[in-house]
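Below are the chains, spelled out letter by letter.
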Amino acid sequence: LLSSDKWLRHTPTPEHRASKRQRILSRALSFISLPEPLGRDFKSSDYDEGINMIAKCLPIDVAVEDATHSKAIILFNLGVVHVALKQFATALSCFTQRFEALCAAKLVTPSLFVLSLHSMGSLYFNCGLYGASTQCFEQALEIADSSNDIDEEQIASLLNCIGVLHFHKHPNEAGKSEALFRRALYIQRTRLGSIDSSVATTLNNLGRVTCIAGRFKEALSVYQEAFDIRVKALGNDHLDVAATAYNIGQTLQQLGDYDSALEYYDRFINIATAKLGRLHIDVALTLKCV
C-alpha cells in the first residue's frame, strides 16, 4: 500500500486543469462568507500535530506584482505578524481580506490561495471550530491538487491536517484518518527523506489512530520510529519528544510491559516539568499513570 504510485498526483491535461481551476474559483468566491467568526477561547496545543501554520512573511517584487497581488501579500504578511502577537481575530481578518482580494481580482494564484486557507484552517482548529477548519483544508487540498505550482510537501501537510481533524471529530472512525496519514507519510518519505521532523509528526499521528484501533504492537513500532526521528531532529529535551515518549509509555502499559512504560513516563515528566512547569495538567496525568 505504501509503495503504490496512486499516492502521488496524476498530471492533468492543461485543458482539464484550466476547467478545474474555474470551478474552484467559483466555489472560492462563495466560500469566503462561510467560515465562522473566531470564539474567545483560542487553545493552541503544546505539542505539534502538524496542523498549525508555520509561515514566514512573503517577499514582494514591485517590478513584477500588480497592485492587487501586492496587497494580497501584504495582508498575508500582516496576518502572520498578528499570529505571532497572538492577535488571532485580527490575523483571521487579514487572511480573509487577502482571500477576498485574490478572488475579486480573479487571480487564481494557487500557492497564495493554499497559504491563506491553511492559515485560516489553523486558526479555526485552535478555536475548536472543526467544521470551518475542515472546509478550509479541504478547499486548499483541492486547489493544490489542481496545480503544478504546489509541491508535494504541501500536499502531504494538507492531508495530515485533514486526518487530524477527522480524528478529533470522529475518534471512533480512525480508518479515514489512518489512510490520510499513510498517504501523507508516503509523500513525505519520498520527498523529505526519513529523518525530517514532519515525518515524525505524521508517524506520531498514525500511531495514535493505530493505538485506538487496538493494534498496540504496530502502534509501538510507529511511535518508536517517530521518537527516534524526533530525538535526532529536535534534541532530547523537546516537548514533541516528550509527547511521543508519553504515547510509547501508554502503549507499553497496554501491552503489560510496565517497567518499560515507567521509563518513558519518566522521560515525559522530566521534559514536561522543565518546559511546562510541575503543576501542568499533563504532568499530573502522567504521574497518575505512574
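Residues numbered from 1 in each chain as written. Predicted model: local features only at pLDDT ≥ 70, side-chain atom pairs only at ≥ 80, totals over all residues. Heavy atoms only, no water.

1. Concerning the overall build of the chain
Here is step 1 of the chain: Assigned secondary structure in the chain consists of 12 helices and 0 strands.
Here is step 2 of the chain: Ordered by position from N to C terminus, the α and β elements of the chain give α-α-α-α-α-α-α-α-α-α-α-α.
Here is step 3 of the chain: Sorting the 290 residues of the chain into buried and exposed places 48% on the buried side.
Here is step 4 of the chain: Partitioning the intrachain contacts of the chain with sequence separation of at least 6 by distance along the chain shows that 65% fall at a separation of at least 24.
Here is step 5 of the chain: When the accessible area of the chain is evaluated, it comes to approximately 14,200 Å², of which 53% is carbon and sulfur surface. (Helix = DSSP H or I, 4+ residues; strand = E, 2+ residues; numbered from the N terminus. Buried < 20%, exposed > 50% of the residue type's maximum accessible area, 1.4 Å probe, protein only. Contact = heavy atoms within 4.5 Å. Areas by Shrake-Rupley, 256 points an atom, 1.4 Å probe, with all protein chains shown as cover.)

2. Describing helix α2 (residues 67–84)
Here is step 1 of the chain: With 18 residues, α2 should cover 26 Å at 1.5 Å per step; its first-to-last C-alpha distance of 26 Å lies within 8% of that length.
Here is step 2 of the chain: Burial in α2 covers these residues: H69, S70, A72, I73, L75, F76, N77, G79, V80 and H82.
Here is step 3 of the chain: Of the surrounding elements, those touching the buried residues of α2 are α3 (88–104) and α4 (110–126). (Expected span 1.5 Å × (residues − 1).)

3. Considerations on the environment of A184
Here is step 1 of the chain: One can find A184 in helix α7 (residues 174–192).
Here is step 2 of the chain: The class for A184 is buried, based on a relative accessible area of 0%.
Here is step 3 of the chain: Leave out the neighbours within four places in its chain, and A184 touches A156, L159, N160 and T202.

4. Considering the packing of helix α8 (residues 197–212) against helix α9 (residues 216–234)
Here is step 1 of the chain: The geometry of α8 relative to α9 is characterised by a closest axis approach of 8 Å and an angle of 160° between their N-to-C directions. As summarised for this structure, α8 and α9 are arranged roughly antiparallel, according to the angle between their axes. The chirality of how α8 crosses α9 is left-handed. Every residue of α9 that contacts α8 at S197, V199, A200, T201, L203, N204, L206, G207, R208, T210 and C211 is listed here: F216, E218, A219, V222, Y223, E225, A226, I229, R230, A233 and L234.
Here is step 2 of the chain: When the residues that make up the contact of α8 with α9 are grouped by side-chain class, the tally is 13 nonpolar, 5 polar and 4 charged. (Axes fitted to C-alpha atoms, helices over the stretch in contact; angles between N-to-C directions. Parallel < 35°, antiparallel > 145°, perpendicular 65-115°, else oblique. Left-handed = near helix turned anticlockwise from the far one by under 90°. Nonpolar A, V, L, I, M, F, W, Y, C, P; charged D, E, K, R; others polar.)

5. Re a negative patch on the surface
Here is step 1 of the chain: On the surface, D257, D259, E263 and D266 cluster together to form a negatively charged patch.
Here is step 2 of the chain: Summarising the element assignment, E263 is placed in helix α11 (residues 258–276).
Here is step 3 of the chain: On the accessibility criterion, E263 (54% relative accessible area) is exposed. (Patch = residues over 30% accessible without salt bridge, like charges linked within 9 Å, V, L, I, M, F, W, Y side chains within 5 Å. Salt bridge = Lys/Arg side-chain N within 4 Å of Asp/Glu carboxyl O. Lys, Arg positive; Asp, Glu negative; His and termini not counted. Charge placed at Lys NZ, Arg CZ, Asp CG, Glu CD.)

6. Considerations on the side chain of R230
Here is step 1 of the chain: Mapping R230 onto the fold places it in helix α9.
Here is step 2 of the chain: Buried charge without a partner: R230 forms no salt bridge, and the closest opposite charge is D240, 4.4 Å away.

7. Focus on the confidence of the model for the chain
Here is step 1 of the chain: Here the chain averages 83 in pLDDT, while 81% of its residues score no lower than 70.
Here is step 2 of the chain: Per-element confidence in the chain is highest for α11, whose mean pLDDT is 97, and lowest for helix α1 (residues 14–31), whose mean pLDDT is 56.
Here is step 3 of the chain: Per-residue pLDDT stays below 50 along residues 1–9; that stretch engages in 23 contacts with residues further than four places along the chain or on separate chains. (pLDDT = per-residue confidence, 0-100.)

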